[in-house]
Amino acid sequence: MLIFNKKSDLSAFLSPLLNQNKSIGFVPTMGALHQGHLSLLKKSLLENDVTVMSIFVNPTQFNNTEDLDKYPRTLERDVQIMQDLSNNIIVYAPEVEDIYEGYTASESFDYDGLENQMEGKHRPGHFDGVGTIVKRLFEIVKPSKAYFGEKDFQQLQIVKKLVSKYNISVEIIGCPIHREANGLAMSSRNERLSEPAREKAAIIYQILNSAKEIFKRNSVVETHQFVENEFKKHPEFQLEYFEIAEETTLLPISEKESNKKYRGFIAIFIENIRLIDNISLN
Ligand code: AMP
């Protein structure tokens, strides 16, 4: 397995492969790998000649310095996990300097309003940071396909918008949410939870599933009320938001319309750790 820390070395390695028209699959991550990341990696390995995984905790997408400082960094373990999966993975694990060259700041992006909802509303600047890093990584790796998880559904829609607005020639592949046996969406942040909290956090998905049933027969307002009331029964959780939004515009709805696809989105704290999840509602 090859590991690059410098974009110049990675580009020099990939450039002859691109000249031979090899397809490059790309999986950008922030590391602390889990089975969710590996599901993206496995798909890329199946669908491309070459697969690149980046591991980079991108400072510009964090709006909270404590969250950035405490984000798990486990590069040695991550490399071992990838080695156990395949010898054919190319890892790009840069330092901040290699990406930002002394100026660690975001560019500004207009994603036609997708950035104003949910994560964008609650994490100011987050999607400018995401756009900045994803665009730079695409310029370095030049992938034919890039894999993103529906776990971060808003991010997936934003990356699709980014490539269409900037005419970046890459196919964005959305991949289903990988869950722990108890239903909790896998996340690197789960590692920061105590064992009891990690077990309790299973109710997030249980409540989302119940909300899906409620939504079938009840109004949007009643579905909201249901979710809010359920979490009030569990004071160890602090609900930041629950939104029901149309899948492509991500605009929150107050009434259902036929022929539209809706999703429920949640952000919630337990033990001061912020978790997000989402579910297709129809
Ligand atoms: P992260 O390292 O959290 O930035 O995630 C890197 C990529 O893996 C993103 O495209 C995420 O959406 C995806 N991902 C993270 N967790 C999961 C999961 N539980 N299931 C599927 N994809 C995931």
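Residue positions are given per chain, counting from 1 as you read along its sequence in written order. Reporting in this predicted model follows two pLDDT cut-offs: at least 70 for local features of residues, and 80 or more for side-chain atom pairs to be given and counted; totals over whole chains, interfaces and linings ignore these cut-offs and use all residues. Heavy atoms throughout the structure, all of them, feed into the side-chain values; hydrogens and water do not.

Asks: Would you explain the pattern of salt bridges in this entry?
Replies: Each salt bridge in this description consists of a side-chain nitrogen of Lys or Arg and a carboxyl oxygen of Asp or Glu lying within 4 Å of one another. On inspection of all chains with the given rule, the structure shows 23 salt bridges. The closest approach of N and O atoms between Asp67 and Arg189, which form a salt bridge, is 2.9 Å. One end of the pair, Asp67, is in helix H3 (residues 65–70); the other, Arg189, is in the loop between strand E6 (171–175) and helix H9 (195–200), with 122 residues separating them in the sequence. Only protein chains enter the area calculation, which uses a 1.4 Å probe; residues under 20% of their type maximum are buried, those over 50% are exposed, and those in between are partly exposed. A relative accessible area of 15% means that Asp67 is categorised as buried. Strands here are runs of E lasting at least two residues and helices are runs of H or I lasting at least four, both read from the DSSP assignment and numbered beginning at the N terminus.

Asks: Honestly, the site of the ligand in this entry has me stumped. Any pointers?
Replies: Residue proximity to a molecule or strand is established when one non-hydrogen atom of the residue lies within 4 Å of it. Neighbouring the ligand are 17 residues; Met30, His37, Asp152, His178 and Met186 lie closest to it. Polar contact is defined as a pair of N or O atoms within 3.5 Å, subject to the rule that within protein one atom must be able to donate a hydrogen and the other to accept it, and that residues adjacent in sequence are counted only when both atoms are side-chain atoms. A distance of 2.6 Å is found between an oxygen atom of the ligand and a side-chain nitrogen or oxygen belonging to Asp152. For the ligand, whose free accessible area comes to 480 Å², the fraction covered by protein is 92%. Put simply, the parts of the chain that give the shell around the ligand at least two residues each are strand E2 (24–29), helix H2 (35–47) and strand E5 (145–149). Among the elements that line the shell around the ligand, the one with the most residues is H2, at 3 residues. Any residue that is not Ala, Val, Leu, Ile, Met, Phe, Trp, Tyr, Cys, Pro, Asp, Glu, Lys or Arg is counted as polar, Gly included; the first ten are nonpolar and the last four charged. Taken together, the residues that form the shell around the ligand break down as 8 nonpolar, 7 polar and 2 charged. The Shrake-Rupley method, run with a 1.4 Å probe sphere, supplies the accessible areas, and residue values consider only the shown protein chains as cover.

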